[in-house]
Amino acid sequence: MIVLALDVEKRLGTLMLVVRFEAAAGATALFGPSGAGKTSVANMIAGLITPDRGSIVLDGTVLFDAGAGINVPPHKRRIGYVFQEGRLFPHLSVRQNLDYGRRMSGRPRDAKEFERIAALLDIGNLLDRRPGMLSGGERQRVAVGRALLMRPRLLLLDEPLASLDAARKREILPYLVRLRDDAQVPIVYVSHMPAEVRRIATTVVRLDAGRVVATGGLELLQDAEADAL
Amino acid sequence: MLGLTPEEWTAVALSLRIAIVATAWALPFGIAIGWLLARKNFWGKTLLDGLVFLPLVLPPVVTGYLLLISFGRRGPIGAFLYDYFGIVFSFRWTGAALSCGIMGFPLLVRPVRLALEAIDRRLEDAAATLGANSVLVFFTVTLPLALPGIIVGVVLCFARALGEFGATITFVSNIPGETQTISAAIYTLTQVPGGDAAAGRLVLIAIALAFAALIASEWLSRRAAIRFHGE
């Protein structure tokens, strides 16, 4: 079943982004070298950049349609976005960060849900700290928890491990795998690292210089590695 | 206490009331204008920027005179406010608060603007993806992150309002119990023989108040810093 259907064009400086792909349930990797336009695609899905042309449909809801003049603002899209740098709110505690999405949507507190996510990501002991006191790995886990607790229709992870060293990456990857298997939220995983993508994704969309060059299974990663050699 | 006469106490209390009212009124406008200058591009922005900072560079007497001819009972704004709302500024303590607020305004706007410019806009994007509309983003992310700058601005504006002399005396004169602030009282006392002792007492009070404002700002800024970065 198709969860996300994207067909957009956007000029970004000298880069012309022409991207079309469909993502099913499970984890889809948006894979390609730096500068291919991956983050811009993620920002368009989240509504932080507006495409020049095309449409974005999530779960049968039109989020963007240039022709019909539809552009759902980011705060109404319910897409959990985990940014490369975490972007936790420095003036709020971990608990308040995790709770932010629920507060903004005015939903009642759900202690069970909160505890489940905190346990899934192993962040229950960090709740009273400030983001400034967290390690890089802890920060990214909290960022994932914050995105999950807003009950997203789609989880968008943009190079969530890029700012971490190898040891921290190994620390977080199992949580992301667990997330894919337990959380039942479709995932779009943006990365340029074949090793990460192999662990997490089931489908791969390969992006290069603003265009989708291939869509398929994990075998695309081998082609990419072969190309790189 | 301190050997102050009732008249002197009146001047101290009036100064504090005027400075507090002036700062409280200036604050929302200061945040709004600081936000406009930091975030928006619009026609006349340079003009607005200049207008806000004018009281800082103009001779205070000129500002006071401009207030007198526009906000006085016969002035265009003053007459309008009196006819429709019954509000009077001239020769009232409210007029002193107005002139003090305007004189302190640039000192409030500048740090607020700088703080807003320094905010990582990507945090606001993150808040939007988490379901916050632009008003909620402003009140839950932008404003708290700008708080240290807002505190600095409030303290500077308050201190300026507390010490304002030239514009106030030109606009609302020097009426004991109505518009005679500490500064105006000191000025009056220095003009009469034997006023030195009383002037000296008020000078000490002025120094104490200035120090208290500085210490309060230091303490508040430190608390804000702790909130941001943990102990």
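Procedures and definitions
Residues numbered from 1 in each chain as written. Chains lettered and ligands numbered in written order. Predicted model: local features only at pLDDT ≥ 70, side-chain atom pairs only at ≥ 80, totals over all residues. Helix = DSSP H or I, 4+ residues; strand = E, 2+ residues; numbered from the N terminus. Rg over C-alpha atoms; globule rule 2.2 N^0.38 Å. Buried ≥ 20, exposed ≤ 12 C-beta atoms within 10 Å, placed from the backbone. Contact = placed C-beta atoms within 7 Å. Pairing = 2+ DSSP bridges. Nonpolar A, V, L, I, M, F, W, Y, C, P; charged D, E, K, R; others polar. Core = buried A, V, L, I, M, F, W, Y, C linked by C-beta atoms within 7 Å. Axes fitted to C-alpha atoms, helices over the stretch in contact; angles between N-to-C directions. Parallel < 35°, antiparallel > 145°, perpendicular 65-115°, else oblique. Left-handed = near helix turned anticlockwise from the far one by under 90°. pLDDT = per-residue confidence, 0-100.

**Some thoughts on the overall build of chain A**
Along chain A, the regular secondary structure elements total seven helices and eleven strands. Here chain A has a C-alpha radius of gyration of 17 Å; the compact-globule value for 229 residues is 17 Å, and the two agree.

**Notes on the overall build of chain B**
Helix and strand counts for chain B stand at ten helices and zero strands. Secondary structure elements of chain B occur, N-terminal to C-terminal, as α-α-α-α-α-α-α-α-α-α. Overall size of chain B, expressed as C-alpha extent along the three principal axes, is 70 × 45 × 30 Å. Split into buried and exposed, the 231 residues of chain B put 40% on the buried side. Within chain B, counting contacts between residues at least 6 apart in sequence, those at least 24 apart form 76% of the total.

**Concerning helix H4 (residues 76–85) of chain B**
With respect to burial, H4(B) is a largely exposed element, only one of its ten residues being buried. Immediately beyond the C-terminal end of H4(B), within one or two residues, lies Gly86(B), with a positive phi of roughly 70°.

**Remarks on the pairing of strand E8 (residues 154–158) of chain A**
Two faces make up the sheet, and in a regular strand the side chains alternate between them. Residue and element names in this part refer to chain A. Counting buried positions over the five residues of E8 gives five, a clear majority of the element. Neither face of E8 is exposed, since Leu-154, Leu-156 and Asp-158 on one face and Leu-155 and Leu-157 on the opposite face are all buried. Sheet analysis places strand E7 (residues 79–82) next to E8, joined by four bridges and oriented parallel. Of the residues in E8, the one forming a bridge with Tyr-81 is Leu-156. Pairing analysis gives four bridges linking E8 to strand E9 (residues 187–191), with the strands arranged parallel. Among the inter-strand pairings, Asp-158 is bridged to a residue of E9, identified as Val-190.

**Notes on unusual backbone geometry**
At Ala209(A), a residue that is not glycine, the phi angle is positive and equals roughly 50°. As for its placement among the helices and strands, Ala209(A) is situated in the loop between strand E10 (203–208) and strand E11 (211–216). According to the C-beta neighbour criterion, Ala209(A) is partly exposed, with 14 such atoms within 10 Å. Even without being a glycine, Ser173(B) presents a positive backbone phi close to 65°. Looking at the secondary structure, you find Ser173(B) in the loop between helix H8 (166–172) and helix H9 (182–191). Overall, the presence of 17 C-beta atoms within 10 Å leaves Ser173(B) in the partly exposed class.

**Observations regarding the interface of chain B and chain A**
How big an interface is tends to be stated in terms of the accessible area lost upon association of its parts. Opposite the 18 residues of chain B that make contact, chain A presents 21 residues. Within the residue set of the side of chain B that touches chain A, elements represented by two or more residues are helix H6 (121–129), helix H7 (134–163) and helix H10 (196–229) of chain B. In terms of residue count, H6(B) provides more of the side of chain B that touches chain A than any other element does, six residues in total. Considering only residue class, the side of chain B that touches chain A consists of ten nonpolar, five polar and three charged.

**With respect to the environment of Val203(B)**
Residues and elements named next belong to chain B. By the element assignment, Val-203 lies in helix H10. Look at Val-203 and you get partly exposed, because 14 C-beta atoms sit within 10 Å. Between the C-alpha atoms of Val-203 and Ile-186, which are 17 residues apart in sequence, the distance is 7.4 Å.

**Section: the nonpolar core**
In terms of nonpolar packing, the biggest core is built from 121 residues, with Ile45(A), Leu156(A), Val188(A) and Tyr189(A) touching the most fellow members. The element contributing the most residues to this core is helix H5 (residues 93–118) of chain B, with 14 residues. Those residues in contact with Val188(A), other than ones at most four positions away along the chain, are Leu4(A), Ala23(A), Thr28(A), Leu30(A), Ile45(A), Leu154(A) and Leu156(A).

**With respect to the packing of H6(B) against H7(B)**
Residues and elements named next belong to chain B. As a packed pair, H6 and H7 sit with axes 10 Å apart at the nearest point and diverge in direction by 135°. Viewed along their axes, H6 and H7 adopt a mutual orientation that is oblique. Considering only the axes of H6 and H7, their crossing is right-handed. Within the contact between the two elements, H6 uses Leu-123, Glu-124, Ala-127 and Ala-128 and H7 uses Val-137, Thr-140, Val-141 and Thr-142. A breakdown of the residues in the contact of H6 with H7 according to their chemical character gives five nonpolar, two polar and one charged.

**Considerations on the packing of helix H1 (residues 6–39) of chain B against H5(B)**
For any two helices packed against each other, one specifies the crossing angle of their axes together with the interaxial distance. Residues and elements named next belong to chain B. At a minimum axis distance of 6 Å, the contact between H1 and H5 shows a crossing angle of 40°. Relative to H5, the element H1 is oriented oblique. Crossing geometry of H1 relative to H5 is assigned as right-handed.

**Brief notes about the confidence of the model for chain B**
All names here are of chain B. Summarising the model, chain B shows a mean pLDDT of 91, and 97% of its residues fall at 70 or more. Here H10 stands out as the least confident element of chain B, with mean pLDDT 85; H6 is the most confident, with 96. This prediction of the complex comes with two scores: 0.88 for pTM and 0.91 for ipTM.

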